[in-house]
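Results of the structural survey
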Amino acid sequence: MSQPRDALETPWRGVSLGGWLLLEPGPSYPLFQNHLQPDRTQARCEWDLMKVLRKKLGKRGTEEVMKAHRDTHTTKADFERIRDSGLNAVRLPFGYWVVTDPRPNEPYVGAALEYVDLAVDWAEECGLQLVLDLHGCPGGESPEAPCGRRQRPESRWHWKHWDRGHSLKVVEIIAKRYSGRSCVTGFEVCNEPSGSIPAATLIGYYSRAVDRIRNSGMLANQVAVVLPIFQRPEGEDGFIERFVKTTRGRHRNICFDVHCYHCFENLFNGKTFAQQLRAIEENAEMLKKHPMVVGEWSLALGVATWCTAGDLEEETIRSIFAVQQLEALKNASHGSFFWNWSEEPGNKEWNFQEAHSDGMFSREPMQLPSWDGTGLDPLEEVLHPSSPDPMFYYGDTVCLRVFYGRYIEVLGRQVAASWADKGEWQTFTLCKPPAEANSLGPSIQAKCPVRHRDIIRLRAWNGSFLAVDGETVVTTRKKNGSLMEFKVFLDSSAETLRHGGRPSRPFAIAYQVSSV
């Protein structure tokens, strides 16, 4: 049994209105910048900002600040500009405290349903579809800022803190209030729920939420119900399979929400530009299999991208990345939403208005060379051409990028990998061990390529050598010893170390070769 892949007749092509009815530092930047915490740092979530405001301005002053924000952050003019940008939909994130009063001892300011009313009116008047997004649930569906409260350490939050019964009441209130509005074509029942929530618990909540929505008048031929599967430990396919097995496929016009970001975690920070574009291809294949919406995507890229794109300008890289994503998103049965409509000025990675104004979405998509996933990807050479002589020789100066996209650097005896930029502190010279170097002589050594299983030394810019002391990477100025000797293992069938291919992982090195 599989979940019916119901699709919208007109899939959503839209933006999120984050930062209006649930505050986040980027899209709500004036509030966070103007009201700092006692240590002069910015609050990281709405909960903490409300605590700052209440201490600083009192209850009435806080309510006045929030009213001013809600009155001006997003207006009908924004909906008109969204329509005029060629988009057809808006995703409206809101916290539960906008629908009902906050729970006891919570600092949020609510209720404020009149602003959701305005959003529905403006969407209808502008001919836009609207997805109502319960972005922050009672008790929080995660310990992260997008649900309203960022909790650290994360262990302060437990999935049982999420009040799912109260959340269902909020869902029902919203469904009954807007069931007769033709512009409302989607309802998202939470946002980015923690992967620690058991699958059975999350599926149970989703199924009950769909029932509440349908029983409140939002019928399957009118409103799609959006179910997030954010970072599920079972993976997208595994969770959907379990959902279908539990519900027996009885729910129609539902879609699973995935957030396709390419800038978070070590995995995406370590990807080359070519690998980022291949990841977009993988997303396209995923979207073809299930009823899905890409509820959030952006133009932000991991750090390794910027040093693996040859001579391409930054704007060109972003534009290529943008249109390749747009092409892939056409495969989503229910469409997609860019995060976000507004952001801090100059941040076009997350600011649709600036990206659109700069023509980021206007070029034709690239036709990528075919590749079966084995051997060297020809796209790497297209985007990041090799030097005329692709071989690495002893005496060459190199920079070493780690799996999360930063370069190894040496400062004194300390070794780290903190920066994605390449400078003098990140340079190393490929050297043979002294005995081998002396036997070859300088003229022969200069023409000697680095080969598979060679033993090498890495001399830093300050004359010291990279070494491993126990489990710590350090530098040393000792002349002898195996701690600064490494063995080269090539990640291909080639016998010599070369530029190009898979730059993010051209070779591996093993230390303490006496034990290898």
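Residues numbered from 1 in each chain as written. Predicted model: local features only at pLDDT ≥ 70, side-chain atom pairs only at ≥ 80, totals over all residues. Heavy atoms only, no water.

1. Focus: the overall build of the protein
Along its length, the protein carries 14 helices and 17 strands. Each principal axis of the C-alpha distribution contributes one length, and for the protein these read about 85 × 50 × 45 Å. Classification of the 516 residues of the protein by burial places 54% in the buried group. Taking the contacts inside the protein whose residues are at least 6 apart along the sequence as the reference set, 73% of them involve residues at least 24 apart. A total of about 23100 Å² of accessible surface is found on the protein, and carbon and sulfur atoms cover 49% of it. (Helix = DSSP H or I, 4+ residues; strand = E, 2+ residues; numbered from the N terminus. Buried < 20%, exposed > 50% of the residue type's maximum accessible area, 1.4 Å probe, protein only. Contact = heavy atoms within 4.5 Å. Areas by Shrake-Rupley, 256 points an atom, 1.4 Å probe, with all protein chains shown as cover.)

2. Observations regarding empty space enclosed by the protein
Under the criterion given, the structure shown has 1 cavity of 30 Å³ or more. Here the largest cavity defines a volume of roughly 60 Å³. Secondary structure elements with two or more residues in the lining of the largest cavity: strand E6 (254-262), helix H9 (273-289) and helix H10 (314-329). In the lining of the largest cavity, the residues fall into 6 nonpolar, 3 polar and no charged. (1 Å grid on protein atoms, 1.4 Å probe; cavity = no way out; pocket = protein on both sides within 12 Å on 5 of 7 lines; lining within 4 Å. Points joined across faces, edges and corners; volume = space filled by probe spheres on them. Nonpolar A, V, L, I, M, F, W, Y, C, P; charged D, E, K, R; others polar.)

3. Observations regarding the environment of Pro 233
With respect to the secondary-structure elements, Pro 233 resides in the loop between strand E5 (224-228) and helix H7 (235-247). For Pro 233, a relative accessible area of 63% gives the class exposed. Measuring from C-alpha to C-alpha, the distance between Pro 233 and Gly 58 comes to 43 Å, with 175 residues separating the pair along the chain.

4. Description of H9
Helix length check: H9, at 17 residues, gives a terminal C-alpha distance of 26 Å against a target of 24 Å (1.5 Å per residue), a fit within 8%. For H9, the complete set of buried residues consists of Phe 273, Ala 274, Gln 276, Leu 277, Arg 278, Ala 279, Ile 280, Asn 283, Ala 284, Met 286 and Leu 287. Those residues of H9 hidden inside the fold are in contact with H7, E6, helix H8 (265-269), strand E7 (292-301), H10 and helix H12 (378-383). (Expected span 1.5 Å × (residues − 1).)

5. Side note on the packing of helix H5 (residues 164-178) against helix H6 (residues 199-215)
Between H5 and H6, the shortest axis-to-axis distance is 9 Å and the interhelical angle comes to 25°. Here H6 runs roughly parallel to H5, going by the angle between their axes. Crossing of H5 against H6: the hand is right-handed. Together, Arg 164, Ser 167, Leu 168, Lys 169, Val 171, Glu 172 and Ala 175 of H5 and Thr 201, Tyr 205, Arg 208, Ala 209, Arg 212 and Ile 213 of H6 make up the contact between the two elements. Within the contact of H5 with H6, the residues separate by chemical class into 6 nonpolar, 2 polar and 5 charged. (Axes fitted to C-alpha atoms, helices over the stretch in contact; angles between N-to-C directions. Parallel < 35°, antiparallel > 145°, perpendicular 65-115°, else oblique. Left-handed = near helix turned anticlockwise from the far one by under 90°.)

6. Digging into the sheet that holds E5
With respect to topology, 8 strands assemble into a closed barrel ordered E1-E2-E3-E4-E5-E6-E7-E8, the strand pairing being parallel. When the angles between neighbouring strand axes are averaged without regard to direction, this sheet yields 25°. As judged from the 6 bridges shared by E6 and E7, these two strands associate in the parallel manner. When the sheet's bridge partners are listed, His 259 is paired in E7 with Glu 296. The strands touched by H6 are strand E3 (129-136), strand E4 (184-188), E5 and E6; relative to E5, the strand with the most contacts, the crossing angle is about 165°. Set on the sheet, H10 makes contact with E6, E7 and strand E8 (335-338); between it and E7 the angle comes to about 170°. (Pairing = 2+ DSSP bridges.)

7. So, H10
Along an α-helix, residues three or four positions apart point the same way, because every turn accommodates 3.6 residues. Compared with the 22 Å implied by 1.5 Å per residue over 16 residues, the 23 Å span of H10 between its first and last C-alpha is a close match. Taken together, the buried positions of H10 are occupied by Ile 317, Arg 318, Ser 319, Ile 320, Phe 321, Ala 322, Val 323, Gln 324, Gln 325, Ala 328 and Leu 329. Taken together, the buried residues of H10 touch E6, H9, E7 and E8.

8. Describing the packing of aromatic side chains
The description of an aromatic ring pair rests on the distance of the ring centres and on the angle between the ring planes. In the structure shown here, the tally under the stated rule is 22 aromatic pairs. Here Trp 47 and Tyr 108 contribute two aromatic rings whose centre-to-centre distance is 5.6 Å and whose plane-to-plane angle is 85°, an arrangement assigned as edge-to-face. Separated by 61 residues along the polypeptide, Trp 47 in helix H2 (residues 46-72) and Tyr 108 in the loop between strand E2 (89-95) and helix H4 (113-126) bring together distant segments of the chain. When sorted by exposure, Trp 47 lands in the same class as Tyr 108, which is buried. For the ring pair Trp 425 and Trp 461, a centre distance of 6.2 Å and an interplane angle of 20° mean the geometry is stacked. Here Trp 425 is found in the loop between strand E11 (414-419) and strand E12 (427-431), whereas its partner Trp 461 is found in the loop between strand E13 (455-460) and strand E14 (465-469), with 36 residues between them in sequence. For Trp 461, a relative accessible area of 32% gives the class partly exposed. An aromatic cluster is defined as three or more aromatic residues linked by ring pairs; in this entry it consists of Trp 297, Phe 338, Trp 341, Phe 352 and Phe 361. Taking NZ or CZ as reference, Arg 457 lies 5.7 Å from the ring centre of Phe 465, over its face. (Phe/Tyr/Trp six-rings, centres within 6.5 Å; stacked < 30°, edge-to-face > 60°. Lys NZ or Arg CZ within 6 Å of the ring centre and 35° of its normal.)

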